Amino acid sequence: MNDKKHLLFMQKALRQAELALKKKEVPVGALVVDSQGNILGRGYNKIEKTGCQASHAEVIAIKKACKKRGDWRLDDCWIYVTLEPCLMCFGLIQLSRIKRVVFGATSELFGAGLGDIVSGNIDSYKKFYKNNLIIKGGLKEKESVDILKEFFKTIRKKRKVRGEAKIKVLRKGSGEVVKTQK
């Protein structure tokens, strides 16, 4: 696939993220595409709706792709995700035999460390990283980051309006836990 196609598919993943944003979900979108450029599955986060962390965009897109293909094997498929997959989703991507991962923004907090793999630093990932998996990061990164910032800015505003204080947990040497408001 050429760069123009990659941009098009990432734009479609961003549209999925926008749907999540409208539903007050963390705005992450995913798309599974076969080697001919056919979209097999789309998904966006539905964690709040389902009340379960297994409802990540990647999981939903992969489930739909498997159903459409009639097989759990997604050989030669690409997955486009607006945010670097977490370890759970990265494991699912590999188990599903997806060959290529393209993501927008990196996730320092929950990402599987794919940014390190993209930059060639795979020593710590050799146990679970298939070397034939192609990973490309940073495609439409600004747009992916912007939609996440918009979501979290809105969340912070709502908390401030409702007067919710941030609670900080401190652990004392004796194992005692003290909660303080910021």
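Student: What is the right way to read the side chain of serine 107 from this model?
Tutor: Tracing the sequence through the fold places serine 107 in the loop between strand 4 (100-105) and helix 5 (114-118). On the accessibility criterion, serine 107 (13% relative accessible area) is buried. At 3.2 Å, the side chain of serine 107 forms a polar contact with the backbone nitrogen of phenylalanine 110. With sequence-adjacent residues up to four places away left out, serine 107 is seen in contact with Leu83 and Glu84.

Student: Is there a simple way to think about the sheet that holds strand 2 (residues 39-44) in this case?
Tutor: Strand-to-strand pairing in sheets goes through backbone hydrogen bonds, with the strands running parallel or antiparallel. Sheet architecture is open: five strands sit in the order 2-1-3-4-5, paired in mixed fashion. Either end of the sheet is taken by a strand with one partner, and the two such strands are strand 2 and strand 5 (134-137). The average undirected angle you get between the axes of adjacent strands in this sheet is 15 degrees. The pairing of strand 1 (residues 29-33) with strand 3 (residues 78-83) spans four bridges and is antiparallel.

Student: Help me understand the packing of helix 3 (residues 57-69) against helix 4 (residues 87-95), please; the structure alone is not making it clear to me.
Tutor: A pair of packed helices can be characterised by two numbers: the angle between their axes and the separation between those axes. The N-to-C vectors of helix 3 and helix 4 enclose an angle of 20 degrees; their axes lie 9 Å apart at closest approach. As the angle between them shows, helix 3 and helix 4 are arranged roughly parallel. In terms of crossing hand, the pair formed by helix 3 and helix 4 is left-handed. Contact residues: helix 3 offers Glu58, Val59 and Ile62, while helix 4 offers Met88, Cys89, Leu92 and Ile93. In terms of residue class, the contact of helix 3 with helix 4 is made up of six nonpolar, no polar and one charged.

Parameters at a glance
- Residues numbered from 1 in each chain as written.
- Predicted model: local features only at pLDDT ≥ 70, side-chain atom pairs only at ≥ 80, totals over all residues.
- Heavy atoms only, no water.
- Helix = DSSP H or I, 4+ residues; strand = E, 2+ residues; numbered from the N terminus.
- Buried < 20%, exposed > 50% of the residue type's maximum accessible area, 1.4 Å probe, protein only.
- Polar contact = N/O pair within 3.5 Å; in protein donor to acceptor, adjacent residues only side chain to side chain.
- Contact = heavy atoms within 4.5 Å.
- Pairing = 2+ DSSP bridges.
- Axes fitted to C-alpha atoms, helices over the stretch in contact; angles between N-to-C directions.
- Parallel < 35°, antiparallel > 145°, perpendicular 65-115°, else oblique.
- Left-handed = near helix turned anticlockwise from the far one by under 90°.
- Nonpolar A, V, L, I, M, F, W, Y, C, P; charged D, E, K, R; others polar.

From the geometry alone we can't say anything about function, so treat these as descriptive.
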